[in-house]
Amino acid sequence: MIPITAVKLGSEVEQSVLEVIRSGILAQGPKVEQLEREFARAVSVPHAIAVNSGTTALVAAIEAAGIGPGDEVVTSPFTFVATVNAILESGAAVRFADISRADFCVTAASVEAALSPRTRAVIPVYLYGQCADMPGIEATAKRHGLAVIEDAAQAFGATVDGRAAGSFGLGCFSLYATKNLTAGEGGIITTVDDDIAERLRLDRNQGMRRRYEYFQVGHNRRLTDLAAAVALPQLVTYPQTVKQRRLNAERLAEGLDGLPLRTPRQLADREHVWHQFTVQLAPDIDRDAVAEALADRGVGTGVYYPRLAHDYDCYREHPRVIRTSTPVAAAVAASCLSLPVHQHLTEADLNQIVEAVRTVLRRDDVARRVDRGGNHGRPPRSSDQSI
Ligand SMILES: *Cc1c(COP(=O)(O)O)cnc(C)c1O
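Residues numbered from 1 in each chain as written. Predicted model: local features only at pLDDT ≥ 70, side-chain atom pairs only at ≥ 80, totals over all residues. Heavy atoms only, no water.

**Q** Help me out: how do you make sense of the domain arrangement of the chain in this one?
**A** Reports often express the size of an interface as the amount of accessible area lost when the parts come together. According to the domain assignment, the chain consists of domain 1 (11-233) and domain 2 (238-372). Contacts between domain 1 and domain 2 engage 42 residues on the former and 36 residues on the latter. A buried area of about 3,600 Å², summed over both sides, lies between domain 1 and domain 2, and 57% of it is on carbon and sulfur atoms. Of all residues in domain 1, Arg101, Tyr128 and Asn180 bury the most surface against domain 2, accounting for 23% of the area lost on that side. Joining domain 1 to domain 2, the criterion identifies one salt bridge. In this structure, Arg270 and Asp103 form a salt bridge, with 2.7 Å as the shortest nitrogen-oxygen distance. When residues of the side of domain 1 that touches domain 2 are traced back to their parent elements, those giving at least two are α4 (82-89), β3 (93-96) and β6 (159-160). (Domains from an automatic or database assignment. Contact = heavy atoms within 4.5 Å. Buried area = accessible area lost by both parts, 1.4 Å probe. Salt bridge = Lys/Arg side-chain N within 4 Å of Asp/Glu carboxyl O. Helix = DSSP H or I, 4+ residues; strand = E, 2+ residues; numbered from the N terminus.)

**Q** Looking at this structure, how should I read the site of the ligand?
**A** As a structural note, the neighbourhood of the ligand is formed by 15 residues, with Gly54, Thr55, Gln154, Ser174 and Lys179 the closest of them. Asp151 has a polar side-chain atom sitting 2.8 Å from a nitrogen atom of the ligand. Within the complex, the protein chains bury 93% of what would otherwise be the 370 Å² of accessible surface of the ligand. Of all the cavities here, the one that holds the ligand is the largest pocket. If you list the elements that add at least two residues to the shell around the ligand, you get α3 (54-64) and α4. In terms of residue class, the shell around the ligand is made up of five nonpolar, eight polar and two charged. (Near = heavy atom within 4 Å. Polar contact = N/O pair within 3.5 Å; in protein donor to acceptor, adjacent residues only side chain to side chain. Areas by Shrake-Rupley, 256 points an atom, 1.4 Å probe, with all protein chains shown as cover. 1 Å grid on protein atoms, 1.4 Å probe; cavity = no way out; pocket = protein on both sides within 12 Å on 5 of 7 lines; lining within 4 Å. Sits in = over half its atoms within 2 Å of the grid points. Nonpolar A, V, L, I, M, F, W, Y, C, P; charged D, E, K, R; others polar.)

**Q** Any chance you could explain the sheet that holds strand β13 (residues 270-271) here in plain terms?
**A** Hydrogen bonds along the backbone pair up the strands of a sheet, which may run parallel or antiparallel. The three strands are arranged β7-β6-β13 in an open sheet whose pairing can be described as antiparallel. The two strands at the open ends of the sheet, each matched to only one other strand, are β7 (163-164) and β13. Pairing geometry for β6 and β7, over two bridges, is antiparallel. Directly across from Val160, in β7, lies its bridge partner Arg163. (Pairing = 2+ DSSP bridges.)

As structure tokens, this is what we get:
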């Protein structure tokens, strides 16, 4: 089976972790400091603050922007649930803006449409590794005095107009196991603001500047040197990782041309880091049947994400989750399917993926029969009603 994600770390990582184990400094120490320095350089910002997860990065950034109870934050409903959870943890309310089919992100216009007098921040989510239209969203945020917090969990290395993800506001990154750059668990916040950087550093370490000297109420949000040691060697090879993912994405897009699906594209002003390669199947295609048929042919797939983040009882009934109509996001959630694009794919894997998708989409049993004129005499499946 060709897996949708593959975590393969080399001997440099083994060596780096071994160094930490032998040093006896397992918690936050010199490896974290080095990771912060190199990460900040990669994003072209003065400050990177490492924390223990991407979710923590979002929570800390939202709090550092001064957002809390009584405030509203606008974000995408088509995201990993951590974005929504982080907003709710801060005490703020969340309101959703629709996405564009071109980049799976909120747009300046959709953010504008979702604003209320209480809106204090916008959190664009750079889904699958491509930034949102940040020049547009930045202008909207400026006009309305909103903080910009970037959910760049999937987009380390991505750019818009040559500017890096994480340099438009408070950048929030994840080092979770399956992200392009991984520490197993971990997160990083980037900022150009010296005061916010200082507050974030204090916040993650119990508000302590020196031992037992407390300057603000804080937390333990520290990353370990063990985790930083896993990530550091991957930073060195990261340009090759992205290049390989880009080549794989180009090969897939080319191979899947002419099928009843929309392939993902890198937009003209952006550099995509291809965390995922996500196609949008035509509305008459049964996604579950396609995924099953691809698995039978040895091709693993993923659905990121099958439902909108607020489309669960625990959010539907939440007093601080404000639901708005987001028809594009709903349609994309119902039709998206991610194919393997990771850097460990071989030429043979890529051929197999393309051949499998071409074969499966030629079969008429993957078409939803209720939506079509001819149903080949077979009854519709119950799931055919679901969208
Ligand atoms: C992974 C991810 C997060 C959360 O990161 P963790 O490190 O898992 O806490 C947040 N937002 C998005 C879009 C993600 O993909």
